[in-house]
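Next come the chains, spelled out residue by residue.
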Amino acid sequence: MHLTKKILKFPRIILFFLPILIISLFFSNLSSSAVEITGINFIGYATLPKGLSFQKTEIGGLSGITYDANNDLYYAISDDRSNKAAARFYTFKIDLSKGSLKDGGVTPVAVTPLINEAGKTFPPGSIDPEGIALTNKATVFISSEGDTDQMINPFIKEFSLASGKELTTLPVPNKYLPDKSGKQGIRNNLAFESLTITPDQNKLFTATENALIQDGSEAKPNTSNPCRILQYNLLTNQAEKEFIYLTEPVNLFLKFAGKFASGLSDLVALDNQGHFLSLERTFTGLGFHIALFQVSLEGASDIHNIDSLLAVNSKQIKPVQKKLLLDLRNLDVFLDNIEGLTLGSRLPNGQRSLILVSDNNFNSLQRTQFLAFELKIESPLLRLLRRLRNPNLQR
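Computed from a prediction, not measured in an experiment: that's the story for all the values here.

The secondary structure content of the chain amounts to two helices and 22 strands. Per-residue burial over the chain gives 53% buried out of 395 residues. Counting contacts in the chain only where the partners sit at least 6 residues apart, residues at least 24 apart contribute 60% of the total.

Dropping the structure here:
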């Protein structure tokens, strides 16, 4: 009799604990699962006064931005090459408390000069800072495009958030470094514009704004350009993978515009699974074409062992996947030179914000502009529930 009860009791125990085990395993993987953006809404913008001075520096050239959720602060890198003041990043407060952004909603609260390994500010012309990404160690990584005319290499360095002191330098693969022959490496002012770190802090990504010299020509109208995404392992501080990102071909509205510049300006990691938002910026001589894309590394070819795309059959290389999220020309806003983006604070409705910032090039005809958006992000749990409701749904 007792044996029979034990046998009948055993399956009940399994039935009781099995759902708990399944739920535990599911939630343990939520942090590393992919997210999906299902919508984006424009919620306003703010423009800083022209020539705004803060702590004896002119605020301008903001080409990258990153968000500190613990302190509700934003850090934006200036691409001043230590010419107007020492190379530096700014700290801003951005007020989204009412679910929108308006003029007066962006306030500078600090400026931090970058200090090199010699304990001094960077000499004029020795640095071209473009990207910035916050770590969970009270530090920021900053990328510099270098200067091919002066044979100054690009770099990615880690700096103290509090003091601005240089702490770490990540090695840049030789294929990115310019040489005197002009046959390989980055193009001048078209190098490491972007910088982002995955939420788990294990991977850092940067990308070239245009193709390396040995990968193809500089961006041209109506033609895609093969930029390289470079992935670092922050546990080893080593570069480990590379992928091809094809920019969108842009059709000039007026053929006689006279100037054209296009490329990949920034990336922000959405999760730990290789999903990003990308920002593409094109200048036609008569205005800016700015577009946001959802990007996935899934299925993309790792090309870190390929030094030149022109030397291989590029048709066998699978680029990253892209999907247009928003063409900013559809906004009722006169766009400036948008170069940086970051996921921002939570909005009152619980959705995540996205912040874009423009580089005014310290030009009196341009503006430092912050754009704010509401992102509708579907979590892995909601996506699972949606699929359970509709088993035929594949996404």
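Here the narrative resumes.
Below, the discussion takes up the sheet that holds strand β4 (residues 62-68). Spatial ordering of the open sheet is given by β4-β5-β6-β7, a layout of four strands whose pairing is antiparallel. In this open sheet, the two edge strands, each paired with only one partner strand, are β4 and β7 (106-113). Going from strand to strand, the sheet's axes swing by 25° on average, the running direction of each strand aside. With six bridges joining them, β4 and strand β5 (residues 73-78) adopt antiparallel strand pairing. When the bridges of β5 are listed, T66 appears paired with Y75.

A separate point is the nonpolar core. Of all hydrophobic cores here, the largest spans 23 residues; its most connected members are L277, L292, L328, L354, L356 and F373. Elements represented by at least two residues in this core include exactly β1 (36-47), β17 (275-283), β18 (288-296), β19 (321-327), β20 (338-346), β21 (352-358) and β22 (369-378). The residues touching L292, leaving out its near neighbours within four places in the chain, are I40, S278, L279, K323, L324, L325, L326, L328, L341, L354 and L356. Counting 22 residues, the second largest nonpolar core, distinct from the first, contains A46, F92, V106 and V111.

Before going further, it helps to spend a moment on the environment of G105. Considering the arrangement of structural elements, one finds G105 in the loop between β6 (88-94) and β7. Note on G105: relative accessible area 10%, which makes it buried. Residues G105 and D95, spaced ten residues apart in sequence, show a C-alpha to C-alpha distance of 5.0 Å.

This paragraph deals with the pattern of salt bridges. Side-chain pairing between opposite charges can occur once the charged atoms of the two side chains come close. Scanning the model with the defined rule gives 17 salt bridges in all. Here E248 ties to K322 by a salt bridge, and the two come within 2.8 Å at their closest N and O atoms. With E248 in the loop between β15 (238-246) and β16 (261-269) and K322 in strand β19, this residue pair connects regions lying 74 residues apart in the sequence. Judged by relative accessible area, E248 falls into the partly exposed class, the value being 34%. Residues participating in the shared-partner salt-bridge network are K175, D215, R228, E242 and D307.

Looking now at the sheet that holds β15. Pairing between sheet strands relies on hydrogen bonds along the backbone, with the strands arranged either parallel or antiparallel. On the basis of which strands lie adjacent, the open sheet formed by four strands has the order β12-β13-β14-β15 and antiparallel pairing. Since the sheet does not close on itself, it has two edges, and those belong to β12 (192-197) and β15, each with one partner. Sheet twist, expressed as the mean angle between neighbouring strand axes with direction ignored, is 20°. Two strands pair when backbone bridges link them, and β12 and strand β13 (residues 203-208) are joined in this way by five bridges, in the antiparallel orientation. Pairing of F192 across the sheet is with T208, part of β13.

Its identity as a non-glycine residue notwithstanding, Q201 has a phi of 70°, on the positive side. Topologically, Q201 is positioned in the loop between β12 and β13. For N222, which is not glycine, the phi torsion reads 65° and is therefore positive. Here N222 is to be found in the loop between β13 and β14 (226-233).

Definitions and cut-offs
Residues numbered from 1 in each chain as written. Predicted model: local features only at pLDDT ≥ 70, side-chain atom pairs only at ≥ 80, totals over all residues. Heavy atoms only, no water. Helix = DSSP H or I, 4+ residues; strand = E, 2+ residues; numbered from the N terminus. Buried < 20%, exposed > 50% of the residue type's maximum accessible area, 1.4 Å probe, protein only. Contact = heavy atoms within 4.5 Å. Pairing = 2+ DSSP bridges. Axes fitted to C-alpha atoms, helices over the stretch in contact; angles between N-to-C directions. Core = buried A, V, L, I, M, F, W, Y, C linked by side-chain atoms within 4.5 Å. Salt bridge = Lys/Arg side-chain N within 4 Å of Asp/Glu carboxyl O.

All we've got here are geometric facts, nothing functional implied.
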